[in-house]
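Next come the chains, spelled out residue by residue.
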Amino acid sequence: MQRRAWVLAIVATGIMAGPASAYTAYVSNEKDNTMTVVDTATMQVVKTVDVGQRPRGITISHDGKFIYLCASDDNTIQIIDTATLEVVGTLPSGDDPELFVLSPDGKTLYVANENDNLVTAIDVDSKEVKTEIPVGVEPEGMAVSPDGKTMVNTSETTSMAHFIDTESHDVTDNVLVDTRPRFAAFKPDGSQVWVSAEVGGTVSVIDNAKRAVVKKIKFAIPGLRAETIQPVGIAISADGRKAYVALGPANHVAVINTESYEVEKYILVGQRVWHLDFTPDQKTLITTNGNSNDITFIDTATDEPVQSVTVGQQPWGVVISPQ
């Protein structure tokens, strides 16, 4: 009887504790002009919100109060109140905004304008354009250093990573990478920038001090042709030890040791995996799978997929609330 009482007490404690972490994921659905809201604890859709045309890039203010969403075919960035899930304003993005990054202080949004070959810097509070920076052809990937001093843009057709001083807005360095770079991500300590090349099939690791490629990471998945392995989104863990790379139509995410640069594992997810984001506690990684119209939850302790959840048509971007 004593043992039974002990077991019941343990079970009761677990029930009372509830989920260890509950965050909200926001997914932009490129095809049906919606944003899906998902509870990460229950892994269920709680709401679908109508937004602008061809929503792609998506991020959230550092306080979690506002979503910023690229409505690419409307040539604008929508501001969505996370409390009401209503569009409460817009930002002047320039032509065809696709991806963007918010500065560490939350005051400036840097936007890639694919059709204009520009990066637009927007003052979030005043909702005004601070400057437009000419870059290479078809800019897309955007990253900003943890100290906020350097911004990186990748240009698909020029196959370069452009390093931009955020104070002067000058392009200080151009680093050649492989064909069609789609995404850039700084390591948490700011020492490196990782750039994916969709057609080149590689990830270039760039030393931020030297502004030079120090390593090119290649991928090989048994049973898949090389041309189907197309690196796109990148997420680097907060401790800087692991990098996760979405491999597009290969339908896998690569797990990379950032010290050895070796691929430790390939995780099977949905079709045409595009972008990914961590929950703030780093316990879960969520991927968007464009052709299977779903997202996949990955347990980062085991690097195994846990569950896939159907969202809208052609999910593109994902961002998770900071709290």
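Above this text is the structure in question.
Residues numbered from 1 in each chain as written. Predicted model: local features only at pLDDT ≥ 70, side-chain atom pairs only at ≥ 80, totals over all residues. Heavy atoms only, no water.

Enquirer: Would you explain the sheet that holds strand β11 (residues 128-134) in this entry?
Expert: Sheets are built from strands paired through backbone hydrogen bonds, the pairs being either parallel or antiparallel. Read from one edge to the other, the open sheet built from four strands follows the order β8-β9-β10-β11, with strand pairing classed as antiparallel. Strand pairing shows two members of the sheet lacking a second neighbour, β8 (97-102) and β11, which therefore form its edges. Across the sheet, the mean angle from the axis of one strand to that of its neighbour is 25°, orientation sign disregarded. Relative to strand β9 (residues 108-113), β8 is paired through four bridges, and the arrangement is antiparallel. For valine 101, the partnering residue across the bridge sits in β9 and is tyrosine 110. (Pairing = 2+ DSSP bridges. Helix = DSSP H or I, 4+ residues; strand = E, 2+ residues; numbered from the N terminus. Axes fitted to C-alpha atoms, helices over the stretch in contact; angles between N-to-C directions.)

Enquirer: Please clarify how the layout of surface pockets should be interpreted in this entry.
Expert: Take a probe with the size of a water molecule and roll it over the atoms, and the empty space left behind shows itself. A volume near 1,200 Å³ is recorded for the largest pocket. Surrounding the largest pocket, 42 residues form its lining, Thr59, Val101, Phe183, Asp277 and Val319 being those nearest its centre. Counting residues per element, the lining of the largest pocket draws most heavily on strand β28 (residues 315-320), at five residues. Of the residues belonging to the lining of the largest pocket, the class tally is 28 nonpolar, twelve polar and two charged. The volume enclosed by the second largest pocket comes to roughly 240 Å³. Looking at the second largest pocket, it is lined by 14 residues, and the ones nearest its centre are Ser61, Phe66, Tyr68, Val124 and Asp125. (1 Å grid on protein atoms, 1.4 Å probe; cavity = no way out; pocket = protein on both sides within 12 Å on 5 of 7 lines; lining within 4 Å. Points joined across faces, edges and corners; volume = space filled by probe spheres on them. Nonpolar A, V, L, I, M, F, W, Y, C, P; charged D, E, K, R; others polar.)

Enquirer: Help me out: how do you make sense of the pairing of strand β21 (residues 242-246) in this one?
Expert: Burial analysis of β21 places four of its five residues in the buried class, which makes it a mostly covered element. Strand direction decides the pairing type here: strand β20 (residues 234-236) and β21, joined by three bridges, are antiparallel. Bridge pairing in β21 places isoleucine 236 opposite alanine 243. In textbook terms, the turn of a hairpin is the stretch between consecutive antiparallel strands, and for β20 and β21 this stretch comprises five residues, one of which, glycine 240, has a positive phi near 75°. (Buried < 20%, exposed > 50% of the residue type's maximum accessible area, 1.4 Å probe, protein only.)

Enquirer: Sorry, what's going on with the environment of threonine 131 here?
Expert: If you trace the backbone, threonine 131 turns up in strand β11. Residues threonine 131 and asparagine 174, spaced 43 residues apart in sequence, show a C-alpha to C-alpha distance of 20 Å. Those residues in contact with threonine 131, other than ones at most four positions away along the chain, are Val119, Thr120, Ala121 and His169. (Contact = heavy atoms within 4.5 Å.)

Enquirer: Where do I start with the pattern of salt bridges in this structure?
Expert: Following the criterion strictly, the structure yields 14 salt bridges and no others. When the shortest N-O distance is used, the salt bridge between aspartate 303 and lysine 242 registers 3.0 Å. Taken as a pair, aspartate 303 in the loop between β26 (294-299) and β27 (304-310) and lysine 242 in strand β21 lie far apart in primary sequence, 61 residues in all. Here aspartate 303 falls in the buried class, since its relative accessible area comes to 7%. What you see here is one network of salt bridges that share partners, running through Arg56, Asp96, Glu98, Glu140, Glu156, Arg180, Arg182 and Glu198. (Salt bridge = Lys/Arg side-chain N within 4 Å of Asp/Glu carboxyl O.)

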